[in-house]
Amino acid sequence: MTEKSTDFGYQRIPEDDKSRRVGDVFKGVASRYDLMNDLMSAGLHRLWKRYAVAQSLVGSGSRVLDVAGGTGDLARLFAHRVGAHGQVILTDVNASMLAIGRDRLLDDGLVMPIVRCDGEKLPFPVEHFDCVCVAFGLRNMTRKEAALAEMHRVLKAGGRLLVLEFSRVWRPLAPLYDAYSFQVLPRLGKLVANDAEAYRYLAESIRVHPDQEQLKQMMEDAGFERVDYFNLAAGVVALHRGYRL
Ligand code: SAM
C-alpha cells in the first residue's frame, strides 16, 4: 500500500509526519510567537482578529470554541463579548502554545477552560457551540476536510464558523509580498525567534494553502451554508464565515 503524502510548506512528506513537524515549529517559536506576530504584521494581526470577532455576531451568553487558539488572542476578545453568562473554550494541539496562552489570559484576569486537542478530532458533543473560530490554524492541519467536518459537527443550528487565514494576495502586489515573505520573514525569524526555518515554513505554507474560492468550496463541501469571505490587506488574509443551518 502506498503511504499518503501531504504538504509541509513546499515539501511533500508522509501524512503521518505532518503533525509532529508542525508541533516542532510551534514548540520552537512559542515564547516569541506573539512578538513575531506584531513585528511581521506591524500590529495588523490585532485588527484582523478584532474584525473576525466583529463579524461573528457573538453576543452576551454565547458559547464559543477557539480551535488552534494558540496563545489565546481570539479567546480573549471573545471572552469580553460573551460576558459572565457565556463561555469560551481555548483549544490547541500544542502544549507550549497553550501554556503561554493560559499565562496571558490569567494575567488579564480571565479564567476559561483550556483543552489540548487536535482540531481534526474535537472532544466536544454535537451541536454545542454558537460559534467556532480558527485563526491561522487550518493551514497547519493535515486533514483540513476532517477538521472542517468536526467544526460543523459541534456547531448548533444557526451557529457560525469563522476561518481567519492567510490567503491569495491581490496579484499586482504578489512580487512585493513574495520578496517580503521569502527575504525578510526568515531573517526576522532568525533574529527574534532564532528560527529562520519556522518562518520559511510560514511563507511556503501560505502559498500551498487553498485560496479564497477554494476554501469557500471546502467549507460548502463540509456542509456550511451561506459561506462568504472578506479580503483583508488586499487578500494577504481572508476571513471566511459559514453557517450551520
Ligand atoms: N490562533 C492563534 C493566533 O491566531 O494567534 C494561533 C495561530 S498559530 C499560527 C497556529 C496554531 O495552530 C498553533 O498554535 C498550532 O499548535 C495549532 N495547530 C496546528 N495543527 C493543529 C491541529 N491539528 N489541531 C489543533 N491545533 C493545531
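Relevant structure appears above.
Residues numbered from 1 in each chain as written. Predicted model: local features only at pLDDT ≥ 70, side-chain atom pairs only at ≥ 80, totals over all residues. Heavy atoms only, no water.

K.L.:
I would appreciate a short explanation of the site of the ligand in the present structure.
P.N.:
Residues in close proximity to the ligand total 20 residues, the closest being Tyr33, Ala68, Asp92, Gly119 and Ala135. Interatomic distance of 2.9 Å between a backbone N/O atom of alanine 68 and a nitrogen atom of the ligand. A distance of 3.4 Å separates a nitrogen atom of the ligand from a polar backbone atom of valine 93. In isolation the ligand has 600 Å² of accessible area, and contact with the protein removes 95% of it. Mapped by element, the contributors of at least two residues to the shell around the ligand are α1 (15-29) and α2 (33-41). Split by residue class, the shell around the ligand holds ten nonpolar, seven polar and three charged. (Near = heavy atom within 4 Å. Polar contact = N/O pair within 3.5 Å; in protein donor to acceptor, adjacent residues only side chain to side chain. Areas by Shrake-Rupley, 256 points an atom, 1.4 Å probe, with all protein chains shown as cover. Helix = DSSP H or I, 4+ residues; strand = E, 2+ residues; numbered from the N terminus. Nonpolar A, V, L, I, M, F, W, Y, C, P; charged D, E, K, R; others polar.)

K.L.:
What is the right way to read the side chain of arginine 160 from this model?
P.N.:
With respect to the secondary-structure elements, arginine 160 resides in strand β7 (residues 155-166). Buried charge without a partner: arginine 160 forms no salt bridge, and the closest opposite charge is aspartate 130, 5.6 Å away. Separated by 2.9 Å, the side chain of arginine 160 and the backbone oxygen of serine 56 make a polar contact. If we skip the residues at most four places from it in the chain, arginine 160 touches Ser56, Leu57, Val58, Asp130, Cys131, Val132, Leu155, Arg241, Gly242 and Tyr243. (Buried < 20%, exposed > 50% of the residue type's maximum accessible area, 1.4 Å probe, protein only. Lys, Arg positive; Asp, Glu negative; His and termini not counted. Salt bridge = Lys/Arg side-chain N within 4 Å of Asp/Glu carboxyl O. Contact = heavy atoms within 4.5 Å.)

K.L.:
What should I look at first to understand helix α7 (residues 174-193) in this one?
P.N.:
Where α7 bends most, at valine 184, the angle is about 35°, and the proline proline 186 comes one to four residues later. Following α7 by one or two positions, asparagine 194 adopts a phi angle in the positive range, close to 55°. (Bend = angle between axes of the 7 residues up to and from the residue.)

K.L.:
So what exactly am I meant to see when it comes to the packing of aromatic side chains here?
P.N.:
Aromatic ring pairs are defined here through the distance separating the ring centres and the angle between the ring planes. With the rule as written, the count across this model stands at seven aromatic pairs. Measuring from centroid to centroid gives 4.5 Å for phenylalanine 8 and tyrosine 201, while their planes differ by 15°, and the two rings are stacked. Of this pair, phenylalanine 8 sits in strand β1 (residues 5-8) while tyrosine 201 is found in helix α8 (residues 196-208), placing the two residues 193 residues apart along the sequence. Neither phenylalanine 8 nor tyrosine 201 differs from the other in exposure class; each is buried. Consider the rings of tyrosine 51 and phenylalanine 230, whose centres lie 5.8 Å apart with planes at 80°: the pair is edge-to-face. With tyrosine 51 in helix α3 (residues 44-54) and phenylalanine 230 in strand β8 (residues 225-232), the pair connects residues that are 179 residues apart, well separated along the chain. (Phe/Tyr/Trp six-rings, centres within 6.5 Å; stacked < 30°, edge-to-face > 60°.)

In short, shape yes, function no, at least from these values alone.
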